[in-house]
Amino acid sequence: GLLYHSNSSHFIVKECPFCPSPHNDKLDNLNKLYVEKESGLFCCFRCDAKGSWQKFERHFQSDLTSSDEKKIETKSFRPKEKRFPRKDREPLFPEAVVRRYYKALRDKEHSCARTVHKYLVETRGIKSEVLRTYGVGAGEFDFINEQKLWIKHPCVVFPWVGHTEKNEAKILRFKCRSVSEKQCQRILPKGGRHGFFGWNTIPPGTTTVVVTEGEYDAMSVYQDTGLPAISLPNGCRSLPNSLVPTLKLFDKVVLWMDNDRPGIEGVQMVARKIGRKRCLSVYTEKQTKLPCGKELAKDANEALLKGHNLQDYIQQASPLSHENAMSLQDMKSDILDFVENSDSAAGTEIKAFPGLNNLLKGHRPGELTVITGPTGSGKTTFLSQYSLDLSMNGVNTLFGSFEVPQNQFVSKMIRQFIGRERGYADEPSGASIEKPDLIQATNSFTLLNMNIMKLFGATPVDDVLEVMEDLVNTRNIKHVVIDNLQFMLGVNSQGGADFSIFQMQDAVLDKFRQFATKEKVHITICMHPRKTDSNLPLAIGDFFGSAKATQEADNVLILQTLMDNTKYLEVKKNRFDGTLGEVPLGFMKECNSFLDLSAVADQKRMDRQRSTERDHEEQIEERTSHLQIKL
């Protein structure tokens, strides 16, 4: 174990195990490793080692053990004693703003609160006393609609609860969610800590807890079974690292996610973080009915509304099978779904490039895409437009720009966003962008779930993976772009490279491949080509380094540039269904964007085919006429 003592906010480890040189019991070398109690983040002020709690755990499997000087257990992560409101009392939340929302729903003085209360009680089936126990409130918030207008929505207010240093329940943040449009939700205040919805309902000494995907599900379980139930902050894949130590202190965690593929994947993700042995899952992939013969509900709230006994669901919860092994019976539903609904298996539509979408059949999580092209061909421009399009279609994106400074890159992306909003794709124009239009477009642009890494230039891959891991957990990132790999590694692809550089690149690619598969995240990596004859189109073997990049990748793209500056995107590998081909591209300077010319090319191809058919028919008629004359 490691010897340590602590203060109010940190564990202070006596000897940092990351330090490369011995400590020799010198006071200047000791007590330099700090581990934050709340988040688990660590930093050594001697060797500059730092990272997440998960990174710390990967290096040390055993728990911390306290020194003889001062006895402190790792259970300091959780309050030893917590005072919770009794069920017959209204929960006390000191934050004035949340109290106002809570009081509004309780008293139902305004039309907004009455609308929210009616929705919760009649549509969701939640009793008023349960709403009070969980501290649910009501408020009116503005959200932007498809016409770019701000509209007021009656919203449910869900408090995220944690605890203070004095072991008291405390509102950390809250989520407001529209009762009419599910996608309209907001978490306030921005940048605060994460907490669990329903944490205040867990009595001291609880050893078993039910964890659900959504807030309505947690209240449904509590209402029907009386069991302590909490929900993840923001969906089935949202378990921030700062909350992991809290769940690890329960002997048994019953995971009740939605009965669908994302829900099953979310169960595996939570189990990996808190330990598979303590987890039970209500749903399994091969299960379709309850023991009583009733069809399984999609989630806990649906089960409540259908009149099911939710205790039956809890009792049938079973240990998780290993995520890396399955039987054909386990795959039965996936096989049927793939055969019957091949369109749904294809992935998110790439609307900005319909020709590319037709070849790749959409953008899918868990895949690795590599792209290259000659210097100056527009790789960064394409990746910016490509990732912007996916972000606008609901794919949460993290962009790592290691070659172009972040402010310059974002300026390029926002110009593409404005061009798309103004319809440059249909009607190219050289009109300048007025300041009011720029401000309005910027406001809309910043609402996208597009995240930019602060890292730039040569960066250790572990630092990049740490950012990716954190944002996958906290912001549900589904697409990561690395632009580009050689700049991240600090390698000059034009000056030649030795074997050790190729090995380093292969090791990095292997880590990205494993991350994409494990976290179900699509990673797109831009790479330089090796030095070749600039007059010839690039081939699949022209990626810088060894063949590992194209072997590991699910999709291989090359942005080709011909002698006459004609550009096209070539799909050289497509693991999903094997379709290969080319996407002709135009370029619009007004919005710094590519234009997919597939439809134009298809029309020209059809015109040529019709012309050939007409010429053929005319030749036949001419020969027939000559033959008739001779006869």
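Residues numbered from 1 in each chain as written. Predicted model: local features only at pLDDT ≥ 70, side-chain atom pairs only at ≥ 80, totals over all residues. Heavy atoms only, no water.

**Student:** I keep staring at the overall build of the protein chain and nothing clicks. Help me out?
**Tutor:** Scanning the protein chain for helices and strands turns up 20 helices and 23 strands. Taking all 631 residues of the protein chain together, 48% fall into the buried category. Put simply, 64% of the contacts in the protein chain that link residues at least 6 apart link residues at least 24 apart. Element-wise, carbon and sulfur atoms account for 51% of the exposed surface of the protein chain, whose accessible area totals about 31,700 Å². (Helix = DSSP H or I, 4+ residues; strand = E, 2+ residues; numbered from the N terminus. Buried < 20%, exposed > 50% of the residue type's maximum accessible area, 1.4 Å probe, protein only. Contact = heavy atoms within 4.5 Å. Areas by Shrake-Rupley, 256 points an atom, 1.4 Å probe, with all protein chains shown as cover.)

**Student:** Looking at this structure, I do not really get the sheet that holds strand β5 (residues 50-51). What am I missing?
**Tutor:** Hydrogen bonds between backbone atoms are what pair the strands of a sheet, whose relative direction is either parallel or antiparallel. If you walk across this open sheet you meet the five strands as β1-β2-β3-β4-β5, and the pairing is antiparallel. Each edge of the open sheet carries a strand with a single partner, namely β1 (4-6) and β5. (Pairing = 2+ DSSP bridges.)

**Student:** Can you walk me through the sheet that holds strand β9 (residues 185-188) in this structure?
**Tutor:** Sheet architecture is open: four strands sit in the order β6-β7-β8-β9, paired in antiparallel fashion. This sheet does not close on itself; its edge strands, each paired only once, are β6 (137-144) and β9. Between one strand axis and the next, the sheet turns by 35° as a mean value, whatever way the strands run. Pairing of strand β8 (residues 169-178) with β9, which is carried by four bridges, proceeds in the antiparallel orientation. By the bridge assignment for β9, R177 is matched with Q185. Helix α2 (residues 96-107) rests against β6, β7 (150-163) and β8 of the sheet, and its axis sits at about 110° to β6. Sheet contacts for helix α3 (residues 111-123): β6 and β7; angle to β7, the most-contacted strand, approximately 65°. (Axes fitted to C-alpha atoms, helices over the stretch in contact; angles between N-to-C directions.)

**Student:** Is there a simple way to think about unusual backbone geometry in this case?
**Tutor:** Glycine aside, residues mostly have negative phi angles, and peptide bonds mostly take the trans form. Of the consecutive residues L188 and P189, the connecting peptide bond is found in the cis state with omega at -10°. Relative to the helices and strands, P189 is located in the loop between β9 and β10 (208-212). Following D483, the chain continues into N484 via a peptide bond in cis, with omega recorded as -10°. Residue position: N484 is located in the loop between β18 (479-483) and α17 (485-489). In this model, K361 sits at a positive phi of 65°, which is unusual for a non-glycine residue. Tracing the chain through its elements places K361 in the loop between α12 (354-360) and β15 (368-372). One non-glycine residue with positive phi stands out, namely N565, at about 70°. Tracing the chain through its elements places N565 in the loop between β20 (555-561) and β21 (567-574). The exposure class assigned to N565 is exposed, which follows from its relative accessible area of 53%.

Keep in mind these values describe shape, not function.
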